[in-house]
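# Chain and residue survey
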Amino acid sequence: MLELDQVRAGYGAINVLWDVSMRVAAGRLTTIIGPNGAGKTTLLRAIMGLVPVGGGEIRLDGARLNGTPTWDMADRSVAMIPEGRMVFRDMGVEENLIMGAFHKSHRAHVKQRLEEAYEMFPRLRERRTQMAGSLSGGEAQMLAMARGLMSDPRLLLIDEPSLGLAPLVVNELFEILVRLKAGGRTIILVEQNTERAVGVADHVYLMQSGRVALSQPASEVQLQQLHDLYFAR
Ligand SMILES: Nc1ncnc2c1ncn2[C@@H]1O[C@H](COP(=O)(O)OP(=O)(O)OP(=O)(O)O)[C@@H](O)[C@H]1O
Ligand SMILES: [Mg+2]
């Protein structure tokens, strides 16, 4: 569904991604793991058009994706749930959700999507009118996920959703990922929690210093070997 071919990207004169090639199969969960600074977030940003691709190509269903402005990603059925939740703190929970369907093509479906969001995240329904800034970390992450789903994307990019959350909330989060996958969505999950990520994934990429260091079906991954590679310099 999504193909990256020899992608290079970075920030101005600083190049971060070096000839990154990946294949993301439709309806599958692909996880990208790797140490801090490996370029995982930069990779998601490159897919979203938030950093320019300086070399190589990104294709979605065979059609070139790089060069598409970020605001048109909703039209291409791609959404990102960014690192650090990024909810609008001074807005209510429901207002935050509505922002997720801001794009013209999705406005007509807001009511139905809200209902779906509340079904998947019952706690958000209870907190509908509460300011997002007063949510707990776990609730804010659920809100960020639900907002990302408001455009009903076929491809969902999720950046470190479990960061800083209590173990019980992490469990809840991974259950939701499993449900999203069962619902047929294609997911790219960036995670530091290697074991959990490999547990839900179909395919695993390990990134290091802006390069792909390992690409393996999740069923073949040996965690010990992965950790050795992960910490290798
Ligand atoms: N806005 C920016 N301007 C310049 N350099 C940046 C910018 N954002 C990130 N970088 C650099 O790009 C490299 C990769 O960063 P990136 O955030 O993609 O890593 P990451 O794998 O997501 O790390 P983490 O696990 O800490 O989130 C780092 O060396 C970082 O310093
Ligand atoms: Mg990151």
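Residues numbered from 1 in each chain as written. Chains lettered and ligands numbered in written order. Predicted model: local features only at pLDDT ≥ 70, side-chain atom pairs only at ≥ 80, totals over all residues. Heavy atoms only, no water.

## What to know about the site of ligand 1
Definition in use: Any residue with a heavy atom positioned within 4 Å of a molecule or strand is treated as near that molecule or strand. Each polar contact in these results corresponds to two N or O atoms within 3.5 Å; when the atoms are within protein, one needs to be able to donate a hydrogen and the other to accept it, and residues that are neighboring in sequence are counted only if both atoms are side-chain atoms. Using the Shrake-Rupley algorithm and a 1.4 Å probe, accessible areas are obtained, with residue cover drawn only from the displayed protein chains. The way it works is that DSSP assigns letters per residue, a run of H or I at least four long becomes a helix, a run of E at least two long becomes a strand, and they are numbered from the N terminus. By the convention adopted, Pro, Cys, Tyr, Trp, Phe, Met, Ile, Leu, Val and Ala count as nonpolar, Lys, Arg, Asp and Glu as charged, and the other residues, Gly among them, as polar.
As a matter of local geometry, ligand 1 sits amid 14 residues, with Gly37, Lys40, Thr41, Thr42 and Glu83 nearest to it. Lysine 40 is positioned with one of its side-chain polar atoms (N or O) 2.7 Å from an oxygen atom of ligand 1. Between ligand 1 and the protein, one listed contact pairs an oxygen atom with a side-chain N or O atom of threonine 42 at 2.5 Å. Within the complex, the protein chains bury 62% of what would otherwise be the 630 Å² of accessible surface of ligand 1. In terms of residue count, helix H1 (residues 40-48) provides more of the shell around ligand 1 than any other element does, four residues in total. Here the residues of the shell around ligand 1 sort into four nonpolar, six polar and four charged.

## As for H1
Working note: α-helix, 3.6 residues per turn, so residues spaced by three or four point in the same direction. The condition is simple: Partly exposed residues are those whose accessible area sits between 20% and 50% of the maximum for their type, while under 20% is buried and over 50% is exposed, using a 1.4 Å probe and protein chains only.
In terms of burial, H1 is a largely internal element, eight of the nine residues being buried. When H1 is considered as a whole, its buried residues turn out to be Lys40, Thr41, Thr42, Leu43, Leu44, Ala46, Ile47 and Met48. A positive phi of about 80° marks glycine 49, the residue just after H1.

## Some thoughts on the coordination of the magnesium ion (ligand 2)
Reference geometry at the metal: tetrahedral coordination by four donors gives ideal angles of 109.5 degrees; octahedral coordination by six donors gives 90 or 180 degrees. Threshold: For Na, K and Ca the donor cut-off is 3.2 Å; for every other metal, N, O and S atoms count as donors within 2.8 Å. Water does not enter the count, which can leave sites looking incomplete.
For the magnesium ion (ligand 2), the full set of protein donor atoms is Thr41 (OG1) and Glu83 (OE), and the range of their distances to it is 2.0 to 2.7 Å. Highlighted residues: threonine 41 in helix H1 and glutamate 83 in the loop between strand S6 (78-81) and helix H2 (93-99), separated in sequence by 42 residues.

## Points about the sheet that holds strand S4 (residues 53-60)
Rules: Pairs of strands are assigned from DSSP output, requiring at least two bridges between the strands.
Pairing is antiparallel in the open sheet, where four strands are placed in the order S2-S1-S4-S5. Every interior strand has two partners, whereas the edge strands, strand S2 (14-24) and strand S5 (63-64), have only one. In this sheet, S2 lies alongside strand S1 (residues 2-11) in antiparallel orientation, the contact comprising seven bridges. Across the sheet, the residue bridging to valine 7 is valine 20, located in S2.

## What to know about the pattern of salt bridges
Filter applied, for reference: Any carboxyl oxygen of Asp or Glu that lies within 4 Å of a side-chain nitrogen of Lys or Arg is treated as forming a salt bridge with it.
Evaluated as defined, the whole model comprises 16 salt bridges. Residues aspartate 5 and arginine 59 are paired through a salt bridge, measuring 2.8 Å at the closest nitrogen-oxygen approach. Here aspartate 5, found in strand S1, pairs with arginine 59, found in strand S4; they are 54 residues apart in sequence, far enough to count as distant. In this structure, the salt-bridge partner of glutamate 57 is arginine 64, at a minimum N-O distance of 3.8 Å. Each of Glu3, Asp5, Arg23, Glu57, Arg59 and Arg64 takes part in salt bridges that share partners, so that together they form one network.

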